[in-house]
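# Residue-level structural notes
Residues per chain are reported as follows:
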Amino acid sequence: MAEGINSFPLFLQGKIEHSPTLKIRVGQILAGTVLEVHADRAVLLLEGVNVVAELETGIIPGEKVVLQVEEVAPGGKILLKKLSWEDGRQDLEQQELEAVLQNFGLRHGKLEKAVVAQLFRNGLPFSEEHLLHLTNFAAANNLSPAEATALVWLWSNNLPLTRETVTAIHNLMENGPDKSSLQAFFAAFSGNLETENINYRQLLKTIENLLVKGNAAPETIADQLSTLFEKLGLNHEYALLQQVATRKKQGLKDAATTLAEEEKVENSLKHLLLKHGQSSETKTAAARGEPVLKMLEEITALQLLNIAGQQESVASTSYFLANWAAFPGEKLLPLFLKIKKHHRHQDDQENILYQIFFLLNTRHLGQVICRLALKKECLTCGFTVEYKEGKKLMDAYLGFLKQRLEHLPWKITIYPTRVSSTGGIRRTWQEEFFTSGPGRVRILDARV
């Protein structure tokens, strides 16, 4: 019965006054925003024009709406049918795509459509110069339509556009948070390690030191995560520059400082992966090169994410980390961490808000998202799991978790666990890591 009720069309009667900029025709799709809602009417902003509509369906202020013109009557009255945002956007997108491609004289190929569609989905401004730059780059580098998402993300964040950077971001978008490059690595290196050279043993030891062990103490895990940025090598290039600067400045006077800078570089996973790639290997090792390259690619993608996160805005910055958890008798499980720091000025005081997004694969609950927010004296916490059974299990332990957190100097609020589908959790992760806000593009491109 509920499905039948929800399937009825939702209509609004609109009146457009003196708007030569908005041409209306039956079947047209219009996107807009609800500005005001009164008892029997609403004010909508459609394509830059204010429309007063008589309500026959519920809408709320600020809601984004997609409407289809059902009927146009004399005197400017129109009958608007409300569509679901997702369905409406698809129809609207097709109209916009065709118009943009035709206007700029671009091919109507899958690749060109994919690039323009990504610009629309992210609300990004563009010009003929931008479109030609992106589509020409995509064609010259033989990108697939699926890689357009990574291409536009890099461009919108003013990051270098190369075949390698697009591949790195695309593969992280596709593989995370479900897969880990370490799975293939350990499968390739599960043979007799005594015959391998020192580089492999050092590489394996470094990775083992990175892993979060399921039975480790909380303070040990916290310490691991706090040093993960350096240990992964996400600051690899910066550390190299610091090392060179130290040598030039100090000469041989401060050997301890120089050694400390060298240790920051040489103990990182990225340094060892690069070192492995540059060394001469046996035939067996050469056959195992792809897993090593995949790990290097994953670290490169994290570096690009962090560069984007540092230039988000004057008021906020984000940090992105990835690692792996090791549980007895199980494969390595990938985990992802995002820390967002907001600076807010109020009454001549700076207030700092931290938002933490944590995703982990677990043995019994599947993928679990944990969200934390810390503002002044209050810490809030909430979990999302894949299954209803997982919610019951998680909620049963929330009291225990609150007890463990009581020693912290904040008021603790823990919300009931939410349930989401596997696809929903993946989309949430992608939004947290790869969503670009409207207007992020600067007209002056940073091209390397």
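Scroll up to find the structure.
Under the counting rule described, the total for this entry stands at seven salt bridges. With its nearest N and O atoms 2.7 Å apart, the salt bridge here joins Arg371 to Glu432. Here Glu432 lies in helix α18 (residues 422-434) and Arg371 lies in strand β11 (residues 366-375), a separation of 61 residues in the sequence. Exposure remark for Glu432: the relative accessible area of 18% places this residue in the buried category. When salt bridges that share partners are traced, they join Lys338, Arg371 and Glu432 into one network.

Peptide bonds are, in most cases, trans, and in most cases residues other than glycine have a negative phi. A cis geometry characterises the amide bond from Gly176 onward to Pro177, with omega recorded as 0 degrees. Tracing the backbone through its elements, the reader meets Pro177 in the loop between α6 (163-175) and α7 (181-188). Notably, Asn142 is not glycine yet its phi reads approximately 55 degrees, a positive angle. With respect to the element layout, Asn142 can be found in the loop between α4 (128-140) and α5 (148-156). For Asn142, a relative accessible area of 66% gives the class exposed. In this model, Lys376 sits at a positive phi of 50 degrees, which is unusual for a non-glycine residue. Counting through the fold element by element, Lys376 comes out in the loop between β11 and β12 (378-385).

What counts, and where the lines are drawn
Residues numbered from 1 in each chain as written. Predicted model: local features only at pLDDT ≥ 70, side-chain atom pairs only at ≥ 80, totals over all residues. Heavy atoms only, no water. Salt bridge = Lys/Arg side-chain N within 4 Å of Asp/Glu carboxyl O. Helix = DSSP H or I, 4+ residues; strand = E, 2+ residues; numbered from the N terminus. Buried < 20%, exposed > 50% of the residue type's maximum accessible area, 1.4 Å probe, protein only.

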